[in-house]
Amino acid sequence: MNGLLRRLVGGDESRTRVGLFVDGPNVLRDEFDVDLDDLRDIAADTGDLAVTRLYLDEHATPGLIQAAEARGYEVIVTSGDVDVKLAVDAAAAVVDGTMDVLAIASRDTDFKPVVETAGKRGVRTLAIAPGEHGKSDALGNAADEALVVDA
C-alpha cells in the first residue's frame, strides 16, 4: 500500500485521506484574518477530508464554536494547553492510519516533532501558515509542503 493512497473497501478507486488540525488560538487572530472555509478548502485540495478539527481554549466564544461546527469542523475545546491536545490527537491519527496526509494550520514550531514523525511513517505533511508574517520557517521546512493563507 502506498503511503499516500489507501484502497477503499469494496471500491476500485484510491482516495487520499487528509487530516486537518487547526490550532485555533494561534491562527484565528484578528491580525491574520483567516477564514475557516479557506483552511478547509486548502486541505481538501489535497484529498478527501477524513478529519477536520479545530482546537480552541476555554475562552472560545459560543459563536465561534457554532460557526466552526456549521462549517464542518469537529471542535475540541480544552482547558489545558491546546498545542498538547492537538499534537497528541494528530500523532494518534498518524499512528492508527486515519490519514495519508497530515495538514496542520498553525504558526507554532511546537508541531515540528509531530510533522517529522508523520513523515517518517510515510504520511505526507502540509504546514498551513496564517499569512506571511505568521509563518514558522521551522514548521514549514519540516513539512513536505508549506502554504500561506492570503488575507
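Here the structure is a predicted model, which means the values were calculated and not measured.

Reading guide: rules and limits
- Residues numbered from 1 in each chain as written.
- Predicted model: local features only at pLDDT ≥ 70, side-chain atom pairs only at ≥ 80, totals over all residues.
- Heavy atoms only, no water.
- Salt bridge = Lys/Arg side-chain N within 4 Å of Asp/Glu carboxyl O.
- Helix = DSSP H or I, 4+ residues; strand = E, 2+ residues; numbered from the N terminus.
- Buried < 20%, exposed > 50% of the residue type's maximum accessible area, 1.4 Å probe, protein only.
- Core = buried A, V, L, I, M, F, W, Y, C linked by side-chain atoms within 4.5 Å.
- Contact = heavy atoms within 4.5 Å.
- Arc of directions from axis to C-beta.
- Polar contact = N/O pair within 3.5 Å; in protein donor to acceptor, adjacent residues only side chain to side chain.
- Pairing = 2+ DSSP bridges.
- Axes fitted to C-alpha atoms, helices over the stretch in contact; angles between N-to-C directions.
- Right-handed = clockwise from strand over helix to strand, strands pointing away.

Caption draft 1: Region of interest: the pattern of salt bridges. Applying the stated criterion across every chain yields a total of eleven salt bridges. The partner of Arg15 in a salt bridge is Asp48, and the shortest N-O contact between them spans 3.6 Å. Here Asp48 lies in strand S4 (residues 48–57) and Arg15 lies in strand S2 (residues 14–15), a separation of 33 residues in the sequence. With a relative accessible area of 32%, Arg15 lands in the partly exposed category. Overlapping salt bridges, with partners in common, bring together Asp37, Arg40, Asp41 and Arg71 in one network.

Caption draft 2: Spatial organisation of the nonpolar core. Within the largest apolar cluster, 22 residues are counted, with the highest numbers of intra-cluster contacts made by Leu20, Val22, Leu39, Leu54, Tyr73, Ala103 and Ile128. Only strand S3 (17–23), helix H2 (36–44), S4, strand S6 (101–105) and strand S7 (124–129) provide two or more residues apiece to this core. With four residues, the single largest contributor to this core is H2. Apart from residues no more than four positions distant in its own chain, Tyr73 is found in contact with Leu20, Val22, Leu36, Leu39, Arg40, Thr52, Arg53, Leu54 and Ala68. By size, the runner-up hydrophobic cluster in this structure holds 21 residues, among which are Val51, Leu86, Val115 and Ala118.

Caption draft 3: Fine view of the side chain of Thr52. Inspection of the secondary structure assignment puts Thr52 in strand S4. The exposure class of Thr52 is buried, given its relative accessible area of 12%. Excluding its chain neighbours within four sequence positions, the residues that come into contact with Thr52 are Leu20, Arg40, Gly72, Tyr73 and Glu74.

Caption draft 4: Looking closely at helix H5 (residues 112–120). Every buried residue of H5 is accounted for by Val114, Val115 and Ala118. Axial view of H5: buried residues confined to an arc of 100 degrees, hence all on one face. Those residues of H5 hidden inside the fold are in contact with helix H4 (82–95), S6, S7 and helix H6 (137–142). Where H5 ends, the next residue or the one after it, Gly122, has phi of about 85 degrees, a positive value.

Caption draft 5: Molecular detail of H2. Taken together, the buried positions of H2 are occupied by Leu36, Leu39, Ile42 and Ala43. Summarising the axial view, the buried residues of H2 lie within an arc of 125 degrees, below the 170-degree limit, and thus occupy one face. For H2, the capping residue at the N-terminal end is Asp35, with a side-chain oxygen 2.7 Å from the backbone nitrogen of Asp37.

Caption draft 6: Geometry of the sheet that holds S4. If you trace the six strands from one edge of the open sheet to the other, you get S5-S4-S3-S6-S7-S8, paired in parallel fashion. Each edge of the open sheet carries a strand with a single partner, namely strand S5 (74–78) and strand S8 (145–148). Adjacent strand axes in the sheet meet at a mean angle of 20 degrees when their direction is disregarded. Contacts between helix H3 (residues 62–70) and the sheet are confined to S4 and S5, with S5 contributing the most and set at about 150 degrees to the helix.

Caption draft 7: Highlighting the pairing of S6. Of all five residues in S6, five are buried; the element is thus mostly enclosed. Here S3 runs beside S6; their pairing, made up of five bridges, is parallel. The residue of S6 that forms the bridge with Val22 is Ala105. Of the pairings in the sheet, the one linking S6 to S7 comprises five bridges and is parallel in character. Note on S7: the bridge partner recorded for Ala105 is Ile128. On the question of chirality, the crossover connecting S6 to the parallel S7 by way of H5 is right-handed.

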